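# Residue-level structural notes
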Amino acid sequence: MSAPGWIIALGGALAVAVLVWPASGTRWSMRVRTGPRRRTAVPAEPLAGTAAAAITVVAGLAPGHAAAAAIGAVVCTSALKILLASRRWSATAEGVARLAGVLANQASVAVTVTDAIGRAAPLVSGTIRRAATALAADCEAIGVEVAAERFAARVPSSAARSLADLIVVSAEGGGRWAETVEVLEQEASQAAATARMFHARVATIMPTLALVVVLGSGLIAGAAWSAGDVGAWLAGPGGAMLLLAGSTVVAVLSARVLLPARAMARAGGRR
């Protein structure tokens, strides 16, 4: 490949690195540890990009085509990951708000914090119900403090962390905690409303972004298949440079949407 081709390839690699790099630091240096060992998650973007590039190379095309395909795959994967992260964030926020509301009701009638948790756990649903059920069982088996820490580790939410702290303080103090948990219920409800708004206004457009990239690739492939001369030129060095340049522009423009959305989705799903 010529010098201009290598320059464009390096620019595309830089765009991929910008999309993949976490907005708040690396996952190893900035990630919160909630236990002695955490399973290392492999980012999906590099895997998708590598797979797309490998398929292109196997098809007999040039490295420029492989880089262009990798960039498009990274953009689509990033968009879909934001949608999935937003769904998890919204479901978690809704569940924690529901649990806080049920605990607020039980706090005025339950004798102890453990009793209130045991009554509240069956009244929530989804993953939060499983976490609340485990919390109630742990309170009986190993104590409130350790049980609350395990609950906060299971549920990636700042509201869940606050709820765990409130449970520990209330159990140690032995007093009534209805007023405090009512305030926490309001905060959890506001967090759930924020998650719903983000999902409705931002996350739902991510599949459209991925679809635009896929349709653009499909149009180029259709033009190459229907016109032999166009296909031969696109398969050559000039076509590789054009496709790589176009995919780099798409990645840079998409980053203006993907990076802030990903940062917000990640922040919403963390403690």
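Residues numbered from 1 in each chain as written. Predicted model: local features only at pLDDT ≥ 70, side-chain atom pairs only at ≥ 80, totals over all residues. Heavy atoms only, no water.

## Side note on the overall build of the protein chain
From N to C terminus, the protein chain includes 11 helices and 0 strands. Secondary structure elements in the protein chain, listed N-terminal to C-terminal, are α-α-α-α-α-α-α-α-α-α-α. Going through the 271 residues of the protein chain one by one, you find that 38% of them count as buried. Long-range pairs, those at least 24 residues apart, make up 70% of the contacts in the protein chain with a sequence separation of at least 6. (Helix = DSSP H or I, 4+ residues; strand = E, 2+ residues; numbered from the N terminus. Buried < 20%, exposed > 50% of the residue type's maximum accessible area, 1.4 Å probe, protein only. Contact = heavy atoms within 4.5 Å.)

## Structural notes on a nonpolar patch on the surface
Taken together, the side chains of L211, V214 and L215 make up a nonpolar region of the molecular surface, amounting to roughly 280 Å² of accessible area. Its place among the elements puts L215 in helix α9 (residues 206-226). (Patch = residues over 30% accessible without salt bridge, like charges linked within 9 Å, V, L, I, M, F, W, Y side chains within 5 Å. Areas by Shrake-Rupley, 256 points an atom, 1.4 Å probe, with all protein chains shown as cover. Salt bridge = Lys/Arg side-chain N within 4 Å of Asp/Glu carboxyl O.)

## Digging into the packing of α9 against helix α11 (residues 237-268)
The N-to-C vectors of α9 and α11 enclose an angle of 175°; their axes lie 11 Å apart at closest approach. If you check the angle between α9 and α11, you find them roughly antiparallel. Two secondary-structure elements touch here, α9 through M206, L209, V213 and I220 and α11 through L243, V250, S254, V257, L258 and A261. Among the residues making up the contact of α9 with α11, the classes are represented as 9 nonpolar, 1 polar and no charged. (Axes fitted to C-alpha atoms, helices over the stretch in contact; angles between N-to-C directions. Parallel < 35°, antiparallel > 145°, perpendicular 65-115°, else oblique. Nonpolar A, V, L, I, M, F, W, Y, C, P; charged D, E, K, R; others polar.)

## Comments concerning the packing of helix α5 (residues 126-141) against helix α6 (residues 144-154)
With their axes 8 Å apart at the nearest point, α5 and α6 run at an angle of 160° to one another. With respect to α6, the element α5 is oriented roughly antiparallel. At the point where α5 passes α6, the crossing takes the right-handed sense. Listed contacts from α6 to A131, A132, A134, L135, D138 and C139 of α5 are V144, A147, A148, R150, F151 and R154. Partitioned by chemical class, the residues of the contact of α5 with α6 number 9 nonpolar, no polar and 3 charged. (Left-handed = near helix turned anticlockwise from the far one by under 90°.)

## Topic: the nonpolar core
The nonpolar side chains of a soluble globular protein tend to be buried, and buried together. Counting residues in hydrophobic clusters, the biggest one holds 60 residues, and the most contacted among them are L99, L103, I117 and F151. Secondary-structure elements contributing two or more residues to this core are α3 (63-107), α4 (113-120), α5, α6, α7 (158-173), α8 (178-201), α9 and α11. It is α3 that provides the largest number of residues to this core, a total of 18 residues. (Core = buried A, V, L, I, M, F, W, Y, C linked by side-chain atoms within 4.5 Å.)

## Quick word on the pattern of salt bridges
Pairs can form between side chains of opposite charge whenever their charged atoms are close. Applying the stated rule across the entire model yields 7 salt bridges. Across the pair R161 and E149 runs a salt bridge whose closest N-O atoms are separated by 2.9 Å. Remark: E149 occurs in helix α6 and R161 occurs in helix α7; sequence separation between them is 12 residues. Taken together, the shared-partner salt bridges connect D138, R150 and R154 into one network.

## Details of the environment of S217
On the secondary structure map, S217 appears in helix α9. On the basis of relative accessibility, which here comes to 46%, the residue S217 falls in the partly exposed class. Distance in space between the C-alpha atoms of S217 and A69 is 8.8 Å, their sequence separation being 148 residues.

## Section: the confidence of the model for the protein chain
Taken over all residues, the pLDDT of the protein chain has a mean of 80, while the share at 70 or more is 82%. Mean pLDDT across the secondary structure elements of the protein chain bottoms out at helix α1 (residues 3-20), with 48, and peaks at α3, with 90. Of the regions scoring below 50 in pLDDT, residues 2-8 engages in 9 contacts with residues more than four places distant in sequence or in other chains. A low-confidence stretch, residues 18-39 (pLDDT under 50), is modelled with 39 contacts involving residues beyond four sequence positions or located in other chains. (pLDDT = per-residue confidence, 0-100.)

## Some remarks on α5
The end-to-end C-alpha distance of α5, which contains 16 residues, comes to 23 Å, matching closely the 22 Å that a straight helix rising 1.5 Å per residue would cover. Those residues of α5 lying buried are I128, A131, A132, L135, A136, D138 and C139. All buried residues of α5 fall inside an arc of 165° around its axis, so they share one side. In α5, the exposed positions angled more than 90 degrees off the buried face are occupied by R130, E140 and A141. Positive phi appears at G143, one or two residues downstream of α5, with a value of about 105°. (Expected span 1.5 Å × (residues − 1). Arc of directions from axis to C-beta.)

## Some remarks on the side chain of T248
Position of T248 relative to the elements: it lies in helix α11. Of the polar contacts made by the side chain of T248, one reaches the backbone oxygen of L244; its length is 2.7 Å. (Polar contact = N/O pair within 3.5 Å; in protein donor to acceptor, adjacent residues only side chain to side chain.)

## Remarks on α9
Look at α9: 30 Å from first C-alpha to last across 21 residues, which is about the 30 Å you get at 1.5 Å a residue. Inspection of α9 places M206, A210 and V213 among the buried residues, and these make up the whole buried set. Seen from one end, α9 has its buried residues packed into an arc of 65°, which puts them on one side. Across α9 from its buried face, at more than 90 degrees, point the exposed residues V212, L215, L219 and S226. Here the buried face of α9 lies against α3 and α11.

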